[in-house]
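# Working through the structure, step by step
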Amino acid sequence: AQKVTQAQTEISVVEKEDVTLDCVYETRDTTYYLFWYKQPPSGELVFLIRRNSFDEQNEISGRYSWNFQKSTSSFNFTITASQVVDSAVYFCALSGITGGGNKLTFGTGTQLKVEL
Amino acid sequence: DTGVSQNPRHKITKRGQNVTFRCDPISEHNRLYWYRQTLGQGPEFLTYFQNEAQLEKSRLLSDRFSAERPKGSFSTLEIQRTEQGDSAMYLCASSSTWVNEQFFGPGTRLTVL
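Residues numbered from 1 in each chain as written. Chains lettered and ligands numbered in written order. Predicted model: local features only at pLDDT ≥ 70, side-chain atom pairs only at ≥ 80, totals over all residues. Heavy atoms only, no water.

Right, let's talk about the confidence of the model for chain A for a bit. For chain A, per-residue confidence averages 92 on the pLDDT scale, and residues scoring 70 or more make up 97% of the total. The secondary-structure element of chain A with the lowest mean pLDDT is strand S7 (residues 60–61) of chain A, recorded at 80, while strand S3 (residues 19–21) of chain A shows the highest, at 98. (pLDDT = per-residue confidence, 0-100. Helix = DSSP H or I, 4+ residues; strand = E, 2+ residues; numbered from the N terminus.)

Following this line, the structure appears as structure tokens:
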């Protein structure tokens with residue numbers, strides 16, 4: 001069974017602060033994919049990033065960066081210089097290849113509030 | 001707009017009624033997924049199609065739920081004899097075989113009175 005844990009229920013920061021969202025996952029698949037999605041108040045889930053289990057290189061994309069560590073089963077997501085528009089619920093998700101289809105298993109989400 | 005679309009956006013119904021939701025995926029995507037999201041939770045997988053074939057169903061999908069994807073294009077999700085516990089946001093997503101990320105529609109919010 002797959003499981004994603006986002007221990008942070010809610011985080012509040014002041015604009016321009018950096019913020020890191022934590023994600024820990026469990027899977028028996030040797031090949032899997034990790035994702036971060038953003039759900040603003042409008043409700044639509046927006047795809048942010050994907051990482052393959054066989055590629056642990058961490059990257060930066062604009063104000064977003066992520067830290068994938070297989071040894072600790074963690075896939076943390078950092079927003080640099082946060083902005084009010086970043087306020088949303090952020091979901092970490094996992095998909096494996098067992099059974100095909102790449103269905104997503106989501107965490108419970110972290111509510112990020114960015115204040116002026 | 002070439003994203004995933006869902007109709008209706010909101011549905012209020014009385015307990016015991018049947019409801020049907022529609023999802024139109026991104027046109028070149030052959031995989032289509034349905035998820036359910038309740039307040040304060042992440043989306044939970046319900047079922048998925050590859051082209052017109054329904055290849056997997058979650059245990060969450062009771063026999064009151066049925067999904068179809070005729071001709072491998074749009075999909076419908078029907079709930080028969082709705083219960084108050086069915087109140088949730090129903091999300092549709094699509095992806096291609098070659099790209100793993102799923103793109104979500106705006107969802108249909110169901111309220112069962």
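Before going further, it helps to spend a moment on the interface of chain A and chain B. Interfaces are frequently sized by the accessible area removed from exposure as the parts join. The interface of chain A with chain B comprises 18 residues on the first partner and 19 residues on the second. Regarding the contact of chain A and chain B, the summed buried area is about 1700 Å², with carbon and sulfur atoms giving 49% of it. The tally of links between chain A and chain B comes to two salt bridges. Of the charged contacts in the structure, one is a salt bridge between Lys103(A) and Glu56(B), with a shortest N-O distance of 2.5 Å. In this structure, the connection of chain A to chain B is made through five residue pairs in polar contact (both at pLDDT 80 or more). Going through the elements one at a time, strand S5 (32–39) and strand S6 (46–52) of chain A are the ones with two or more residues in the side of chain A that touches chain B. (Contact = heavy atoms within 4.5 Å. Buried area = accessible area lost by both parts, 1.4 Å probe. Salt bridge = Lys/Arg side-chain N within 4 Å of Asp/Glu carboxyl O. Polar contact = N/O pair within 3.5 Å; in protein donor to acceptor, adjacent residues only side chain to side chain.)

By the definition in use, this model includes 20 aromatic pairs over all chains. Relative to Phe104(B), the ring of Tyr37(A) has its centre 5.4 Å away and its plane inclined at 85 degrees; by these criteria the two rings are edge-to-face. Here the residue Tyr37(A) occupies a position in strand S5, and Phe104(B) occupies one in strand S10 (residues 103–104), the pair thus bridging two chains. Residue class for Phe104(B) comes out buried when judged on its relative accessible area of 4%. On the numbers, 5.9 Å between centres and 90 degrees between planes, the contact of Phe106(A) with Tyr35(B) is edge-to-face. Within this pair, whereas Phe106(A) is found in strand S11 (residues 105–106), its partner Tyr35(B) is found in strand S4 (residues 31–37), the two belonging to separate chains. Under the relative-accessibility criterion, Phe106(A) is labelled buried at 10%. A relative accessible area of 0% places Tyr35(B) in the buried class. (Phe/Tyr/Trp six-rings, centres within 6.5 Å; stacked < 30°, edge-to-face > 60°. Buried < 20%, exposed > 50% of the residue type's maximum accessible area, 1.4 Å probe, protein only.)

All right, on to the nonpolar core then. The tendency in soluble globular proteins is for nonpolar side chains to be buried as a group. In this structure, Trp36(A), Phe75(A), Phe77(A), Tyr90(A) and Leu112(A) are the most contacted members of the largest nonpolar core, which totals 24 residues. Of all the secondary structure elements, the ones that give two or more residues to this core are strand S2 (10–14), S3, S5, S6, strand S8 (64–69), strand S9 (74–79), strand S10 (88–96) and strand S12 (110–115) of chain A. No other element matches the four residues that S10(A) contributes to this core. The contact partners of Tyr90(A), leaving out residues within four places of it in the chain, are Gln6(A), Leu21(A), Trp36(A), Tyr37(A), Lys38(A), Leu48(A), Phe77(A), Ile79(A), Gly109(A), Thr110(A) and Leu112(A). In this structure, Val19(B), Leu32(B), Ala67(B) and Cys92(B) belong to the second largest nonpolar core, which totals 19 residues. (Core = buried A, V, L, I, M, F, W, Y, C linked by side-chain atoms within 4.5 Å.)

Residues and elements named next belong to chain A. Checked against the element boundaries, serine 53 lands in the loop between S6 and S7. Its relative accessible area of 1% is what places serine 53 among the buried residues. C-alpha of serine 53 to C-alpha of glutamine 69: the two residues are 16 residues apart in sequence and 9.4 Å apart in space. Each residue touching serine 53, except ones within four places of it in the same chain, is listed here: Thr30, Thr31, Tyr32, Phe68 and Lys70. Within the local environment of serine 53, its side chain forms a polar contact with the backbone oxygen of threonine 30, the two atoms lying 3.5 Å apart.

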